[in-house]
Amino acid sequence: MFGLIGHSTSFEDAKRKALDLGYDHIAEGDLDVWCTAPPQLVEHVKIVSAIGKTIEGAYIDSCFVPEMLSRFKTARRKVLNAMELAQKKGISITALGGFTSIIFENFNLLQNQKVRNTTLDWQRFTTGNTHTAWVICRQLEQNAPRIGIDLRKSKVAVVGATGDIGSAVCRWLTNRTGVSELLLVARQQKPLLELQSQLGGGRILSLDEALPEADIVIWVASMPKTLEIDPSKIKRPCLMIDGGYPKNLGEKFSGPGIHVLKGGIVQFFKDIGWSMMELAEMENPKREMFACFAEAMILEFENCHTNFSWGRNNITLEKMDFIGQASERHGFSAVGLKSNIQTLTV
Amino acid sequence: MQALASNNLTVEKEELISDALPDFASESYKDAYSRINAIVIEGEEEAYANFCDLAKLIPEHADELVRLGKMEKKHMHGFCACGRNLAVKPDMPFAKKFFSRLHNNFLEAFAAGDTTTCLLIQCILIESFAISAYNVYIRVADPFAKRITEGVVQDEYLHLNYGQEWLKANLDSVKKDLMKANKVNLPLIKSMLDEVSNDAEVLHMDKEELMEEFMIAYQDSLLEIGLDNREIARMALAAVI
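Report follows, based on the coordinates.

The rules behind these values
- Residues numbered from 1 in each chain as written.
- Chains lettered and ligands numbered in written order.
- Predicted model: local features only at pLDDT ≥ 70, side-chain atom pairs only at ≥ 80, totals over all residues.
- Helix = DSSP H or I, 4+ residues; strand = E, 2+ residues; numbered from the N terminus.
- Rg over C-alpha atoms; globule rule 2.2 N^0.38 Å.
- Buried ≥ 20, exposed ≤ 12 C-beta atoms within 10 Å, placed from the backbone.
- Contact = placed C-beta atoms within 7 Å.
- Pairing = 2+ DSSP bridges.
- Axes fitted to C-alpha atoms, helices over the stretch in contact; angles between N-to-C directions.
- Parallel < 35°, antiparallel > 145°, perpendicular 65-115°, else oblique.
- Left-handed = near helix turned anticlockwise from the far one by under 90°.
- Core = buried A, V, L, I, M, F, W, Y, C linked by C-beta atoms within 7 Å.

The next thing to look at is the overall build of chain B. If you tally the helices and strands in chain B, you get 9 helices and 0 strands. Going from N to C terminus, chain B has its helices and strands arranged as α-α-α-α-α-α-α-α-α. What you see for chain B is a C-alpha radius of gyration of 19 Å, in line with the 18 Å of a compact globule of 241 residues. In terms of overall dimensions, chain B has a C-alpha envelope of 55 × 50 × 30 Å along the principal axes. Expressed as a percentage of the 241 residues in chain B, the buried residues total 46%.

Structure below.
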C-alpha cells in the first residue's frame, strides 16, 4: 500500500474541509485546537495503472496548516505523528507532501526517529523529489518549444539551484537537454561554487542579474512575499516553471509572452476516485497531483519499497531515468501549458 | 517534495532552547514536581483500586484485572522513588482533589454496576491521559525517572488494551452508554490538563503536546473499539467545547 501525507493550503481551507468530512471537533476549533489535533487517515483509494497494475493507497492529513510554520515544535509534531500513523497502518511507501518534507529537511527531523513506542523506518518514506525534478525537466523540454523557445539557444535560470530538486534539475539540463547556458541562483555562495564545479559549468548570478537574461526560469525556491520584480526586465517569450511550494509565481508575473506553469504537477491518464487533491487546489483534482505524491504510487506500482528520494543531493540521472520511465509507463504525464497558447517563431 | 525559501522557516531560538532538559535541582522544578509527582502517585493508586473494582464487575476476568491492578501498584512505588530521588515531597492532598471529580464518577458508576462507564474512565480516558503524559515526560525527565517511566508506559498500553477489547466485543450493546459517559467525563480530562499545565510547563512538558498526545491515544483507542471517524469526531468534540 502507498501513502500520501498532505495538508490543507490554509487554516480556513482546513476548517472547511474538516466540516465536509464530518470532523466537527476540529472544524469548530481555533488554531490552538488544530495544533492538538492528531493526524487523520481520511481516504483510501484503489488505482489501476495504464498497464493494468492495481495498487491501494491512503491519504493522511497531518492536520498541519501553513499558519503553524512559526511554531517549530507544533510543525515537527505534525510531521512525525503523520509519519508514525502511516507506519502504524502498515503503509509500505509514503510520500511527504507540501510542507511536510520541507519541515522534515529544514528542521532536521532525522534526529527524531523514535515517536512514542514506534521507531520510524525511513525506508518507508520518500520526499518524492526525484520524480518532481524529472517532471520539471519534462515540463521544460515539452513546453519551451511550444512558446517558441529553442532549447539549444536558451538560457535557463534555476532559482534554488543548490537544493535537492534544483541541483538534480541542473544535472539533468546539463547532461540531457543541451540548453545553451545554465544560470545558477541561490542564496549561499559556497554550495553554488561546489555545484558549478560538479556540473563543470553554469554561471553564478544574483536573481536580479539572472532574470533579464533567462529564456526559461525554474523556481524551486518559493519567493519571499516581499520580492518585487519589474516585469519589463523579463525576456519575451519567457517560460517560468513554478516548482516551489506554495505555488505563488502566477501572482508575481503576468503579461504577454510570460508563461507561468505550475511545476512538478502530473496528470494521471484517467480519473481517480478520490477527493484528496481538492485539498491541494488542483485544477483537475480527479487526475492532477503533485509529482512527489505520484512518486509513492509509482514506487508501489513497481514494488520498489524504499526511500527512493531521501536526504539532500542524492538524486542521480539514473534514478531520474528510472522514475521517469516508470511514470510514463503507468500513465502519468507532466502537466503543460494550456493548449490555446500562441506559438511564436524565433 | 518541493522547495521553499528557508527564510520562511526560521526556528525561534527559545523554542529550540526549550528542547533542553530542565534544571532538576532548582526550587521551581521541585515545587512543580511536588504536584506532578503526587498526581502520578495518586493516579496509579486509584487505578489499582479501580481495577480491583472492575474485577468485581467482570468476575469472569477477575484474575486478569487484579493482575493489571497490581501493575499499577508497582508503578505507584516506582513514582514514589522518583520523588524521593529528587528529594521532593509529593503534595498528596492536591492530587486527591485533582482526581476527585473523575474518581467520584467512577465510584458512582461502580455502585450502579455501570461497567461501560467504569471502563471508559479507567481504561480509555485515564490510561490515555497517563500514556500521553508519560510519553511527553520521558523526553524531559531526569535519568532515574526516565528509566522508571519508560517501563511504566509499556504497561499502560496493556491496561488501555483491556478496556478497548472489552468495549469492542460489546460495542453494539454499549455504544450509547459509552458516548453518554464520554460526554460527561472527557471534559474533566481537558480541565485536568488545563489545571496542571503551568506545573507541566516548568517540567518542560508542553500543554499543546500533552493534549495532542492524549487525543492520539484516545482516537486510536476509539478506532480500535470500532467507532468510525465521524463518531469519534462527535465524541472528541466534548474536549473542545
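If you tally the helices and strands in chain A, you get 13 helices and 16 strands. In terms of overall dimensions, chain A is globule-like: its C-alpha atoms have a radius of gyration of 20 Å, near the 20 Å expected for 346 residues. When its C-alpha atoms are laid out on the principal axes, chain A stretches across 55 × 45 × 40 Å. Sorting the 346 residues of chain A into buried and exposed places 51% on the buried side. Here the analysis covers contacts within chain A between residues at least 6 apart in sequence; of these, 71% occur between residues at least 24 apart.

Paired through their backbone hydrogen bonds, the strands of a sheet run either parallel or antiparallel. Residue and element names in this part refer to chain A. With antiparallel pairing, 3 strands are arranged side by side in an open sheet as E15-E14-E16. Bordering the open sheet on either side are strand E15 (288-290) and strand E16 (332-334), each of which pairs with just one other strand. Looking at each pair of strands side by side, their axes are set apart by 40 degrees on average, direction ignored. Here 3 bridges tie strand E14 (residues 265-268) to E16, and the two strands are oriented antiparallel to one another. Residue pairing for E16: Phe-268 is matched across the bridge by Phe-332. The sheet contacts of helix H12 (residues 291-301) involve E14, E15 and E16, and relative to E15 the element is tilted by about 95 degrees.

With that out of the way, let us pick up the environment of B:Glu72. Residue and element names in this part refer to chain B. Structurally, the position occupied by Glu-72 is in helix H3 (residues 62-85). Its 25 C-beta neighbours within 10 Å are what place Glu-72 among the buried residues. As a C-alpha pair, Glu-72 and Glu-44 span 28 residues in sequence and 5.2 Å in three-dimensional space. With residues up to four places along the chain from it excluded, the contact list for Glu-72 reads Glu-44, Ala-47, Tyr-48 and Phe-51.

Quick look at the packing of helix H4 (residues 72-88) of chain A against helix H5 (residues 99-106) of chain A now. Residue and element names in this part refer to chain A. Contact pair H4 / H5: the axes reach a minimum separation of 10 Å and the direction vectors enclose 110 degrees. The orientation of H4 relative to H5 falls into the category roughly perpendicular. Like other packed secondary-structure pairs, H4 and H5 cross with a definite hand, here left-handed. Residue-level contacts link Ala-75, Arg-76, Val-79 and Ala-82 of H4 to Thr-100, Ile-103 and Phe-104 of H5.

Residues and elements named next belong to chain A. Spatially, E10-E9-E8-E11-E12-E13 is the arrangement adopted by the 6 strands of the open sheet, whose pairing is parallel. Across the chains shown, the open sheet's two edge strands, defined by having one partner strand only, are strand E10 (203-204) and strand E13 (258-262). The pairing of strand E8 (residues 155-159) with strand E11 (residues 216-219) spans 4 bridges and is parallel. Note that in E11 the partner of Val-158 across the bridge is Ile-218.

It is worth spelling out the nonpolar core at this point. Core analysis: the biggest nonpolar cluster contains 177 residues, and A:Ala133, A:Val156, A:Ala157, A:Val158, A:Val169, A:Val217 and A:Ile218 have the highest contact counts within it. Broken down by element, this core gets its largest block of residues, 15 residues, from helix H5 (residues 115-138) of chain B. Leave out the neighbours within four places in its chain, and A:Ile218 touches A:Ile136, A:Leu140, A:Val156, A:Val158, A:Val159, A:Val169, A:Ile241, A:Gly243 and A:Gly263.

Time to look at unusual backbone geometry. All names here are of chain A. Between Arg-236 and Pro-237 the backbone carries a cis peptide bond, its omega angle lying at -5 degrees. By the secondary structure assignment, Pro-237 is in the loop between E11 and strand E12 (238-242). Even without glycine at this site, Asn-108 takes up a positive phi of about 50 degrees. Relative to the helices and strands, Asn-108 resides in the loop between H5 and strand E5 (114-115).

Residues and elements named next belong to chain A. The buried fraction of H12 is high, at 11 of 11 residues. Listed as buried for H12 are Ala-291, Cys-292, Phe-293, Ala-294, Glu-295, Ala-296, Met-297, Ile-298, Leu-299, Glu-300 and Phe-301. A positive phi of about 55 degrees marks Asn-303, the residue just after H12.

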